[in-house]
Amino acid sequence: MKRPLISVENFWRAKIRSSSPPKRLSRTTYIALGRYQDALVLRERILEPYRRILGNEDPTTLRLTGNLAFTYDNLRLYEEAVKLYNDVLAIRKRHMSFGAEDPETVVIMNNLAWTYSMQHQYQESLALYREVLSTRRRVLGDEDPATLKVLLALSNTALNYAAYGPLQDAVLFQEQLLDLHQEVLGDEHPETLTAMDRLSTTYESLGRYEDALAITKWAFDFLSQRLGKDVPVTLIASRNLVISYMNLDRFEDAVVLGEELVKLSRQVLGDEDPDTLYVMDTMTAIYWKLNRYPEAVKVNEERFIISKRTRGERDPKTLSIMSHLALSYRQVSRLQDAVTLGEQSLELHKRVYGIEHLDTLTTMSNLGSAYSSLHRYQDAIQLHGEVFDFRKRVLGNEHPDTLKAMANLATNYGSPQSI
C-alpha cells in the first residue's frame, strides 16, 4: 500500500505543530492562573509562524488569533482586542466554509460585543449581541442555556447604555429588549419582569411617568394574582407602584397602597429590614404631601426608635430621621418636644459632622425656628446668627441659603421680646 503524499502546506503545518508547546501546556495554565502577561507572550510567539507560513486565513491561524484577542481582553488592552476580533470576523464571514452560523464565528462575535461594551461603545455592542442572539435562537433554540446567556448579556449592556448613554437612545433599545424577552421567554418569566422594571426606571428618568405607571401597575397586578401580595417580589412591585403614583401626584392612591405595603412589609420582612424602613420613609413623605402631619409624626417616631436601636444614634440615617422628627413636632405644635429633640440632634450633629457641615447648619436653623415658636427669641437670634455667619463665609453673600439665614435672623430681631 502506497503512503499518502504530504503536501507542502501539510508538511509545514506538521512541522509547526511539532515545534509548538503541547495543547495542555502553559498558555491555558497561565490563563487559569490569571497570568495573562505570560499567556500573551506565549500566544504571540505561537501565532507568528502560523501567520508567516500558513497565512492569516488558515483555520488554525484564525483560532489562535481569536485566542490572542481574548488575552488582550483579559489585560484590558481593548483596542488591540477589537482590531484582532474584527480581522478574524471579517475573514470568517467572507469565507463560505465558515459562515455566520459557525460556532467559532459566533464566539468571536460574542467576545467582540463584550469588548465593545467595555469601551462604552454600547450601540456597536448591542448590535452584535442581537446578531448573536438571533443565531443562537435559530441554531440552538430559545430555551438553550447559551441563548439565555446571550440574552442576559444583552440586558446588562442595555442597562449600562441607559446609565452612560443618551436616555432617548437607551429607552429605544430597552423597549426592543423587552419585546425580545417577551418573545423568547414570555411575559411571566422573571427575566422579562426584570426587563420591565428597568424600562420603567428609564421612563421615570425621562419624565414619562404614565408609561412607567403602565408597567409597574401591570407587574403588581400580575404578581399579586400569581404569587400573592405577601411575598418579597410582590412587595417590591407594590413599592414601585407607590412611587409611580407619587411621580404623578396621585397621593391618595399612593397612601392607600402604601399603608397596606407598610403593614405587609413589617409582617413579612420585619421592622428592621431595609426595605421596610424605605417604605416607612416613603409613607412619611406621602403624609407630608397630604398635610397629614400626625400620621407623619407617628411613622417618624417608629422609624427613629428602630434606627437608633439597629444603627445607633450617631449613624447618619438616625441623625437624619431625628432632624425630620423634630421638624415634624413643630408641624403638629409639639413645640417643647421639637426643642428638646432638636437640641439633642444639634449636639450629635456637631460631634459627628462638625459645626460647619451642611446638615449641622440645617439642624441649627430648625432649632432656631423652634426657639422662635416658643418666644425664646434671644436663643433663636444666637443660633440664626451663627448660621448666617457660617453660610456667608462659606457660600457668599448672594447664595440663597445665606439670604434665607439673613431673613430668619431679621425676623427674630424684629420680634417684641428681642428688643
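Residues numbered from 1 in each chain as written. Predicted model: local features only at pLDDT ≥ 70, side-chain atom pairs only at ≥ 80, totals over all residues. Heavy atoms only, no water.

Scanning the chain from N- to C-terminus turns up 20 helices and zero strands. Contacts in the chain between residues far apart in sequence, at least 24 positions, make up 53% of those at least 6 positions apart. Counting only carbon and sulfur atoms, one obtains 53% of the accessible surface of the chain, whose full area is about 22,500 Å². (Helix = DSSP H or I, 4+ residues; strand = E, 2+ residues; numbered from the N terminus. Contact = heavy atoms within 4.5 Å. Areas by Shrake-Rupley, 256 points an atom, 1.4 Å probe, with all protein chains shown as cover.)

Our next topic: the pattern of salt bridges. Any two side chains of opposite charge can pair, on the condition that their charged atoms come close. Taken as a whole and assessed by the stated rule, the structure comprises 29 salt bridges. Residue Asp253 pairs with Arg250 through a salt bridge whose shortest N-O separation is 2.9 Å. Given a relative accessible area of 34%, Asp253 falls into the partly exposed group. Each of Arg63, Arg92, Asp102 and Glu104 takes part in a single network of salt bridges with overlapping partners. (Salt bridge = Lys/Arg side-chain N within 4 Å of Asp/Glu carboxyl O. Buried < 20%, exposed > 50% of the residue type's maximum accessible area, 1.4 Å probe, protein only.)

As a further point, take helix 18 (residues 358–373). Three- or four-residue spacings in an α-helix give side chains the same orientation, since the helix completes a turn every 3.6 residues. In this model helix 18 runs 23 Å from its N-terminal to its C-terminal C-alpha over 16 residues, within 8% of the 22 Å that 1.5 Å per residue would give. Buried positions along helix 18 lie against helix 16 (316–331), helix 17 (335–353), helix 19 (377–395) and helix 20 (400–413). Downstream of helix 18 by one or two residues, His375 has phi in the positive range, about 65°. (Expected span 1.5 Å × (residues − 1).)

Time to look at helix 19. The terminal C-alpha atoms of helix 19 lie 26 Å apart, and with 19 residues this matches the ideal 27 Å at 1.5 Å per residue to within 8%. Turning to helix 19, its buried residues number three or more, namely Tyr377, Ala380, Ile381, Leu383, His384, Gly385, Val387, Phe388, Phe390 and Arg391. Lining the buried residues of helix 19 we find helix 17, helix 18 and helix 20. Backbone geometry just after helix 19 places Gly396 at a positive phi near 100°.

This part takes up the packing of aromatic side chains. How two aromatic rings sit relative to each other is set out by the distance from centre to centre and by the angle between their planes. The full count for this structure, using the stated rule, is three aromatic pairs. On the numbers, 6.2 Å between centres and 70° between planes, the contact of Tyr78 with Trp114 is edge-to-face. One end of the pair, Tyr78, is in helix 5 (residues 78–94); the other, Trp114, is in helix 6 (residues 103–118), and 36 residues separate them in sequence. Measuring from centroid to centroid gives 5.2 Å for Trp218 and Phe222, while their planes differ by 10°, and the two rings are stacked. Of this pair, Trp218 and Phe222 both sit in helix 11 (residues 209–227), four residues apart, which is roughly one turn of the helix. (Phe/Tyr/Trp six-rings, centres within 6.5 Å; stacked < 30°, edge-to-face > 60°.)

In this section: the side chain of Thr234. Assignment of secondary structure puts Thr234 in helix 12 (residues 232–247). Taking relative accessible area as the criterion, Thr234 reaches 1% and is therefore assigned buried. Once residues within four sequence positions are removed from consideration, Thr234 is found in contact with Phe220, Leu223, Ser224, Leu227, Gly228 and Lys229.

The next subject is the environment of Arg311. Within the secondary structure layout, Arg311 lies in the loop between helix 15 (293–310) and helix 16. With relative accessibility at 38%, the residue Arg311 sits in the partly exposed group. Through-space distance from the C-alpha of Arg311 to that of Glu272 is 10.0 Å; in sequence the pair is 39 residues apart.

What follows covers the packing of helix 3 (residues 36–54) against helix 4 (residues 59–74). In the contact formed by helix 3 and helix 4, the axes pass within 9 Å of each other and the chain directions differ by 155°. Relative to helix 4, the element helix 3 is oriented roughly antiparallel. Helix-helix and strand crossings are classified by hand; for helix 3 and helix 4 the assignment is left-handed. From helix 3, Tyr36, Ala39, Leu40, Arg43, Glu44, Ile46, Leu47, Tyr50, Arg51 and Leu54 reach across to helix 4, where they touch Thr60, Thr61, Leu64, Thr65, Asn67, Leu68, Phe70, Thr71, Tyr72 and Asn74. Considering only residue class, the contact of helix 3 with helix 4 consists of eleven nonpolar, six polar and three charged. (Axes fitted to C-alpha atoms, helices over the stretch in contact; angles between N-to-C directions. Parallel < 35°, antiparallel > 145°, perpendicular 65-115°, else oblique. Left-handed = near helix turned anticlockwise from the far one by under 90°. Nonpolar A, V, L, I, M, F, W, Y, C, P; charged D, E, K, R; others polar.)

What follows deals with the nonpolar core. The biggest cluster of nonpolar side chains holds 42 residues, and the ones touching the most others in it are Leu112, Leu128 and Leu154. Every element with two or more residues in this core is listed here: helix 3, helix 4, helix 5, helix 6, helix 7 (122–140), helix 8 (145–164) and helix 9 (167–184). Not counting residues up to four positions away in its chain, the partners in contact with Leu112 are Val82, Tyr85, Asn86, Leu89 and Leu128. Membership of the second largest hydrophobic core comes to 35 residues, among which are Val255, Leu264, Val279 and Ala296. (Core = buried A, V, L, I, M, F, W, Y, C linked by side-chain atoms within 4.5 Å.)

In this structure, His120 takes a positive phi of about 65° despite not being glycine. The residue His120 is located in the loop between helix 6 and helix 7 in this model. Note on His120: relative accessible area 47%, which makes it partly exposed. The phi angle at Ser333 is positive, at roughly 65°, despite the residue not being glycine. Counting through the fold element by element, Ser333 comes out in the loop between helix 16 and helix 17. The class of Ser333 is exposed, set by a relative accessible area of 58%.

Relative to the elements of secondary structure, Thr157 occurs in helix 8. When its relative accessible area of 4% is taken as the criterion, Thr157 is described as buried. Polar side-chain contacts of Thr157 include one of 2.9 Å to the backbone oxygen of Ala153. (Polar contact = N/O pair within 3.5 Å; in protein donor to acceptor, adjacent residues only side chain to side chain.)

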